[in-house]
Amino acid sequence: MNYKEFLSHIFERYSGNVKLGLERIYFILKEMDNPEKKINGIHVAGTNGKGSTSAINESLFIHHGLSVGMNTSPHLMDYCERFRINGKNVFYTEILEVYLEYSEIFDKYDASFFEITTAIAFALFHKKNLDVTVMEVGLGGRLDGTEPFNATVSVITTISLDHPKSLGDSIEKIAFEKAGIIKTGVPVVLGNIVEEAKNVILKVAEQKKSPVFEYKKDFFVENISVTKDGTIFDFSFPNKGIEFKQLCVNLIGDHQAINASIAITDFILYCEIFEHKINENSIRKSLMKVNWFGRMQILKHKPLVIIDGAHNEEGVHALISNLNKMFPNTFKRFVVAILRDKKLDNMIAEICQNAQEIYISKNHSERAADLEEQMLVAKKFLIPSFSSNDVVTATLEALKKTKDDEILIITGSLYTIAEVLCKKDEIFNG
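So, how was this worked out
- Residues numbered from 1 in each chain as written.
- Predicted model: local features only at pLDDT ≥ 70, side-chain atom pairs only at ≥ 80, totals over all residues.
- Heavy atoms only, no water.
- Buried < 20%, exposed > 50% of the residue type's maximum accessible area, 1.4 Å probe, protein only.
- Helix = DSSP H or I, 4+ residues; strand = E, 2+ residues; numbered from the N terminus.
- Contact = heavy atoms within 4.5 Å.
- Polar contact = N/O pair within 3.5 Å; in protein donor to acceptor, adjacent residues only side chain to side chain.
- Pairing = 2+ DSSP bridges.
- Axes fitted to C-alpha atoms, helices over the stretch in contact; angles between N-to-C directions.
- Left-handed = near helix turned anticlockwise from the far one by under 90°.
- Nonpolar A, V, L, I, M, F, W, Y, C, P; charged D, E, K, R; others polar.

Right, let's get into helix α15 (residues 414-422). For α15, the buried fraction is high: 7 of the 9 residues fall into the buried class. In this fold, the buried residues of α15 make contact with β12 (297-301), β13 (304-307), α14 (391-401), β17 (407-411) and α16 (424-429). Where α15 begins, the side chain of Ser413 points an oxygen toward the backbone nitrogen of Tyr415, at a separation of 3.0 Å.

With that settled, the discussion passes to the pairing of strand β11 (residues 242-249). Bridge count for strand β10 (residues 230-237) against β11 is 6 bridges, and the pairing is antiparallel. Bridge assignment links Ile232 to a residue of β11, and that residue is Cys248.

By secondary structure assignment, the location of Leu396 is in helix α14. Counting along the chain gives 238 residues from Leu396 to Thr158, while the straight-line C-alpha distance between them is 34 Å.

The next point concerns the sheet that holds β11. Spatial strand order, β9-β10-β11: 3 strands in an open sheet with antiparallel pairing. Two strands lie at the open edges of the sheet, namely β9 (220-227) and β11, each paired on one side alone. When strand polarity is set aside, the average angle formed by the axes of neighbouring strands in this sheet is 10°.

Glancing now at the environment of Leu344. Mapped onto the elements, Leu344 comes out in helix α12 (residues 344-352). Residues Leu344 and Gly412 lie 68 residues apart in sequence; the distance between their C-alpha atoms is 8.9 Å. Once you skip the residues sitting within four places of it in the chain, Leu344 turns out to touch Ile338, Leu339, Ala369, Glu373, Gln374 and Val377.

Helix α8 (residues 195-207) packs onto helix α7 (residues 171-178) with a crossing angle of 35° between their chain directions and a minimal axis gap of 8 Å. For the pair α7 and α8, the sense of crossing is right-handed. Residues Ile171, Glu172, Ala175 and Phe176 of α7 form the contact with α8, whose own contacting residues are Glu196, Ala197, Val200, Ile201 and Val204. For the contact of α7 with α8, a count of residues per class yields 7 nonpolar, no polar and 2 charged.

It is worth stressing that arrangement in space is one thing and function is another; only the former is reported here.
In C-alpha cells:
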C-alpha cells in the first residue's frame, strides 16, 4: 500500500464513520500496548483557539530544547500536517509504516478515521521517545478519541455554541463535554470562558481534585496592541512571581494574546512538574517563531489579502473585531463559504454589517452550505453581494476588483481557506 492508497482507504472507508464514544479507541489502544500511557504533555480542548494554543506550546517547548510532538486537526492541505515533530510535518512513509503495523487492529474494530489518526499519533510519538506531546482535541473532549491521553496539564481555551447535534444545545452541556479531558489531580488551565461554562468546568475539576488556573484570576494579559506583524502584550502570573513586559507573538489578533498567555501558563506548570528551567529570552523567541497558518494570515500586501479560518460565531466575531481595530476606515471585501451545520445566519449577518461587498461561495466539503441558503442571508443587507460555486473563482473575481488601498478577506471555514492556500500561486501569480 502506497501513501495515496492509504489516504484513499482511510478517507473512503472511515471518514463517514464518525461516532463519539470511547469503547473502540480503548480496545484499539490496549491491543497496541497503550502507547498513550507512555507519553506525557499538554491536552488542549476548546471551541476556538485550541489549534493556535497548541502551536504556541509547540514553539515554547522547541525553544527550550525539548523534543515535542504535536497532533492537531483538521489539516489544511496535506494529511501529514496532523503530525508534527519539532515543528516539522512527519514524512508520509513514517505515518504509513505505523498504520501498516496496526492495520489489522484498526480493521478488527472498524476504527473511524479520527480513531486511526489519533492512535497513529500516540504510537508515533511514543516510538520517537519525545520529551513532550501536545494533543489537540478533535470534538468535545469527554468522548473524543484523544481522551485517553496521559496529560500532564489540561487546557480549555474557550466555550461557545458549536456542534450542537454532537455536544449539546447549551453552553453548560458543551462545557461538560469539554471538561471531559480533565484528569484526576492534573492541573487545568482555563482561557477566557463565560461564567456559566466556567461553573460547570470548576465543578468537574473539584470532583477530580484538579487544581485550576484561570485567565483574569491567576494569570493576566494587559496592554494588547495588534499590528500586521503580530500581537504585543504584557503577561503576568503573580502566584509564580512571573511578569513579562511587551511580549510579541507572530499571530494577529487580541485573541492570540490570550491564546499565548494560556500556552505560557500551561508551559510554566509543565516545566514546574518536570523541573525544567524557564528562560525569558527563549519564551520571547518562541512566540515570534510560532508555525501556524490560516489564522489572520496575510497572503498579499498590495492589495492586502487576509485569510482566516473563522468557522463559527465566536470566530467571526473575533475576526471582525480585529479587522475593525486594525483597519477602521478601510473598504473591506469578503469571500465567504460556510458549512451548513454552523449558524450561518448570524455569521453572515455580522460579516455583512462590517463589509462593503461580499462574495458568497461554496467549498468542496460534503458539509458545505448551499449557495442559495447563504445568499438569502447576504441579500438582506444593503451591500453588493455576488455568488460563485467555487472558492478559488470567487477569490479571483474579488481580487480583480480590490484596489491597493482596500482589503480582501477570505473566511468562513478551514476548508475554505485550505482551497485558497492550495491554489495560492495560481491566484496571485497566474
